[in-house]
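Here is what each chain is made of, one letter per residue.
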Amino acid sequence: MNISGITSQNINSVGTDTSSTQNSQQADKTLFSSILENNLSTELTVKNGDTLWAIAKKYGTSISDLAKSNNIANPDLIYVNQRINISGSSTEATATQKAQTAYGTTTSLTTGSAGSVQGTSDSTQNSSESSQTSNLSDSEKLAQDYIVQHESGGDYNARNGKYIGKYQLDSSYLNGDYSAANQEKVAEEYVTQRYGSWTKAMEHWKENNWY
């Protein structure tokens, strides 16, 4: 079947021409795998709005590893046009997982049916949030609640300049997804990478009025 020059072979189950996108993804994946296998250096230039936390998350490493490998004394302070070396900052397994996510190698996301790529329902989001918070110990939950009450009072829609939601996260961390589920997920990742626990994050908040 041919419609306006587009063959059915190039149309997936949600009616999108994916041949060029899949080829591009495969090329990027191959290049990324080559970097991992040959232990090549990965270096980037800091752009306006970048943070060390966001860079660490993108490349599957930690703030402390990046700071150490780049001799950064203050992880909260990086500069536009500063060169950040990523090589040696993450394990191959973690980087491979990040690459798979970034380049769409999960079948359900790239070739699934229309239902598999639809937005998450409210009930699923609530279930996800409940699962994330239920894994915390009593002391961790108390520390998390302390920060939430002092940052936003528990309001997912709270705004303060570039700081968004229940945890008052930098908008760049959320990548445009301000849903409750993503706020919970990113807050947990941020606290784990930066402080190691909600208890330590709370201690920092008490000393500095921010975390």
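Our subject is the structure that appears above.
Here the structure is a predicted model, which means the values were calculated and not measured. (Residues numbered from 1 in each chain as written. Predicted model: local features only at pLDDT ≥ 70, side-chain atom pairs only at ≥ 80, totals over all residues. Heavy atoms only, no water.)

Caption draft 1: Geometry of the overall build of the protein. Helix and strand counts for the protein stand at ten helices and seven strands. In the protein, the share of contacts with a sequence separation of at least 24, taken over all contacts with a separation of at least 6, comes to 53%. (Helix = DSSP H or I, 4+ residues; strand = E, 2+ residues; numbered from the N terminus. Contact = heavy atoms within 4.5 Å.)

Caption draft 2: Representation of the pattern of salt bridges. All told, the structure shown has eight salt bridges when counted by the stated rule. The partner of Lys166 in a salt bridge is Glu184, and the shortest N-O contact between them spans 2.9 Å. Placement of Lys166 in the loop between β6 (163-164) and β7 (169-170) and of Glu184 in helix α9 (residues 180-194) is noted, with a sequence separation of 18 residues between them. Its relative accessible area of 15% is what places Lys166 among the buried residues. In this structure, a network of salt bridges that share partners links the residues Lys57, Lys185 and Glu189. (Salt bridge = Lys/Arg side-chain N within 4 Å of Asp/Glu carboxyl O. Buried < 20%, exposed > 50% of the residue type's maximum accessible area, 1.4 Å probe, protein only.)

Caption draft 3: Summary view of the layout of surface pockets. When its volume is computed, the second largest pocket comes out at roughly 570 Å³. As for the second largest pocket, its lining consists of 27 residues, of which Lys162, Tyr163, Asp170, Tyr173 and Tyr190 are closest to the centre. Residue composition of the lining of the second largest pocket, by class: 15 nonpolar, five polar and seven charged. (1 Å grid on protein atoms, 1.4 Å probe; cavity = no way out; pocket = protein on both sides within 12 Å on 5 of 7 lines; lining within 4 Å. Points joined across faces, edges and corners; volume = space filled by probe spheres on them. Nonpolar A, V, L, I, M, F, W, Y, C, P; charged D, E, K, R; others polar.)

Caption draft 4: Focus on the packing of aromatic side chains. Applying the stated criterion to the full structure yields seven aromatic pairs. Ring centres of Tyr146 and Trp205 lie 5.9 Å apart, and the angle between their planes is 85°; this geometry places the pair in the edge-to-face category. One end of the pair, Tyr146, is in helix α7 (residues 138-151); the other, Trp205, is in helix α10 (residues 198-208), and 59 residues separate them in sequence. Taking the relative accessible area as the measure of exposure, Trp205 reaches 9% and is therefore buried. Taking 5.7 Å as the distance between ring centres and 75° as the angle between the ring planes, the aromatic pair formed by Tyr190 and Tyr211 counts as edge-to-face. Linking Tyr190 in helix α9 with Tyr211 in the segment after α10, this pair joins segments that are 21 residues apart in sequence. Across the pair, Tyr211 and Tyr190 agree in class, each one buried. (Phe/Tyr/Trp six-rings, centres within 6.5 Å; stacked < 30°, edge-to-face > 60°.)

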